[in-house]
Amino acid sequence: MNFKQVCTEMIRKSDPEKGKTVSKYLQGRYEFLGIPAQVRREISKTYLSEENPEEPLDWEYVQACWDQLYREFQYLALDYLQNRASELTERDLFKLRRLVQEKPGWDISDSMGRLVAKITARHPKAKRHILEWAHYNDPSVRRIAIVHQIPLREDTDSELLTKILESNLDCQDSLVRRAIVWALSEYSKHNPDYVDDFIWQHGDKMTAEMRREAAKHLPTKQAKEDKSKAAKSSKEAERKSK
C-alpha cells in the first residue's frame, strides 16, 4: 500500500469543523480529520483495488496509519486489515492487542473484535488467548474479549462467553460494563434462554439499567407462554398422528 498517496487523499478530503465535532463526541481524546466513514471507505477501496493480493500483509502500512495523529488513519488501517482478514493467524493476535493498547478506545476495540472473531473462527486454539484478555489490566483489551463473538451470532461459543462475562462482572469500568450489556443484548437475539438464565444467575452483580438493557430483546412473558403452548400443540398433534 502506498501510504503517502493515501495520506494525501485523506488530507484533501478533510473537514476540520466536522473533525472538531466528532472529537467532542469522543471526549476530545483524539483528533479527527472530519472525513465521513463512507468517504473513508471509498478511499480505502480505491487503493485496496490497486494492491497485489499476492503480496504479504503490509504491517508497515498498518503501523504508519497507526502512528498518525488523526483517528481516521487508524480506521484506514482497520479497513485494510478487514480486507486481508483471511490471512490473519493466531500469532497476529499479539500485534492486534499492541495496536489497541497504543490507541485505546471503544471504537477501536469493537473493530478489532470483528477481526478477532474471524481469527478464532478459523483457529479455535486462539480462544485461549482471548480468555486471557478477559483478565487483562487494560479495559480496551477486555472489551475485545467480551464483544468479539457478537458477529458470530448463533455460532457463539456460549461456554467461552460465560467465562469471559463472569470474569468481568466485578469490573466497574464503563467500557467493560457497557460491553457486557451489548454482548448479552445481541446474543439474546439468537439464544434468548442463555441470556435469560445469565441475568437470573448473575443479576445481583449487574445494575438495574444493565439488566434492563441486556434483556431488551428477550421475548415478553406472553410471547414465552404462546411459544410454549404452540410447542405443546405441535407435540400433541404429532402424538395423535402416530
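Notes on the structure follow. Note that the coordinates shown come from a computational prediction; the quantities given were computed from them, not determined experimentally.

1. Quick look at unusual backbone geometry
(1) Moving on: Positive phi is not limited to glycine here, since arginine 153 has a value of about 55 degrees.
(2) Moving on: With respect to the element layout, arginine 153 can be found in the loop between helix H9 (139-147) and helix H10 (158-166).

2. Thoughts on a positive patch on the surface
(1) Moving on: A cluster of like positive charges, contributed by Arg41, Arg114, Lys118 and Arg122, occupies part of the molecular surface.
(2) Moving on: For the positive patch, the leading source of residues is helix H7 (residues 106-122), giving three residues.
(3) Moving on: Assignment of secondary structure puts lysine 118 in helix H7.
(4) Moving on: Lysine 118 gets classed as partly exposed once you look at its relative accessible area, which sits at 36%.

3. Focus: the pattern of salt bridges
(1) Moving on: Within this structure, the stated rule accounts for 15 salt bridges.
(2) Moving on: Across the salt bridge formed by aspartate 92 and lysine 95, the nearest N and O atoms sit 3.7 Å from each other.
(3) Moving on: For lysine 95, a relative accessible area of 33% puts it in the partly exposed group.

4. Examining the packing of helix H5 (residues 71-83) against H7
(1) Moving on: One way to put it is that H5 packs onto H7 with a least axis distance of 11 Å and a crossing angle of 10 degrees. In terms of axis orientation, H5 runs roughly parallel to H7. Residue-level inspection shows Arg71, Gln74, Tyr75, Leu78, Leu81 and Gln82 of H5 in contact with H7, the latter providing Asp107, Ile108, Ser111, Met112, Arg114, Leu115 and Lys118.
(2) Moving on: Among the residues making up the contact of H5 with H7, the classes are represented as six nonpolar, three polar and four charged.

5. A closer look at helix H3 (residues 37-48)
(1) Moving on: In a regular helix each residue adds 1.5 Å, so 12 residues correspond to 16 Å; H3 covers 16 Å between its end C-alpha atoms and thus fits that length.
(2) Moving on: Burial in H3 covers these residues: Arg40, Ile43, Ser44, Tyr47 and Leu48. Seen end-on, H3 carries its buried residues on one side only, within an arc spanning 125 degrees.
(3) Moving on: Those residues of H3 that are buried lie in contact with helix H1 (3-12) and H5.

The rules we used
Residues numbered from 1 in each chain as written. Predicted model: local features only at pLDDT ≥ 70, side-chain atom pairs only at ≥ 80, totals over all residues. Heavy atoms only, no water. Helix = DSSP H or I, 4+ residues; strand = E, 2+ residues; numbered from the N terminus. Patch = residues over 30% accessible without salt bridge, like charges linked within 9 Å, V, L, I, M, F, W, Y side chains within 5 Å. Areas by Shrake-Rupley, 256 points an atom, 1.4 Å probe, with all protein chains shown as cover. Salt bridge = Lys/Arg side-chain N within 4 Å of Asp/Glu carboxyl O. Lys, Arg positive; Asp, Glu negative; His and termini not counted. Charge placed at Lys NZ, Arg CZ, Asp CG, Glu CD. Buried < 20%, exposed > 50% of the residue type's maximum accessible area, 1.4 Å probe, protein only. Axes fitted to C-alpha atoms, helices over the stretch in contact; angles between N-to-C directions. Parallel < 35°, antiparallel > 145°, perpendicular 65-115°, else oblique. Contact = heavy atoms within 4.5 Å. Nonpolar A, V, L, I, M, F, W, Y, C, P; charged D, E, K, R; others polar. Expected span 1.5 Å × (residues − 1). Arc of directions from axis to C-beta.

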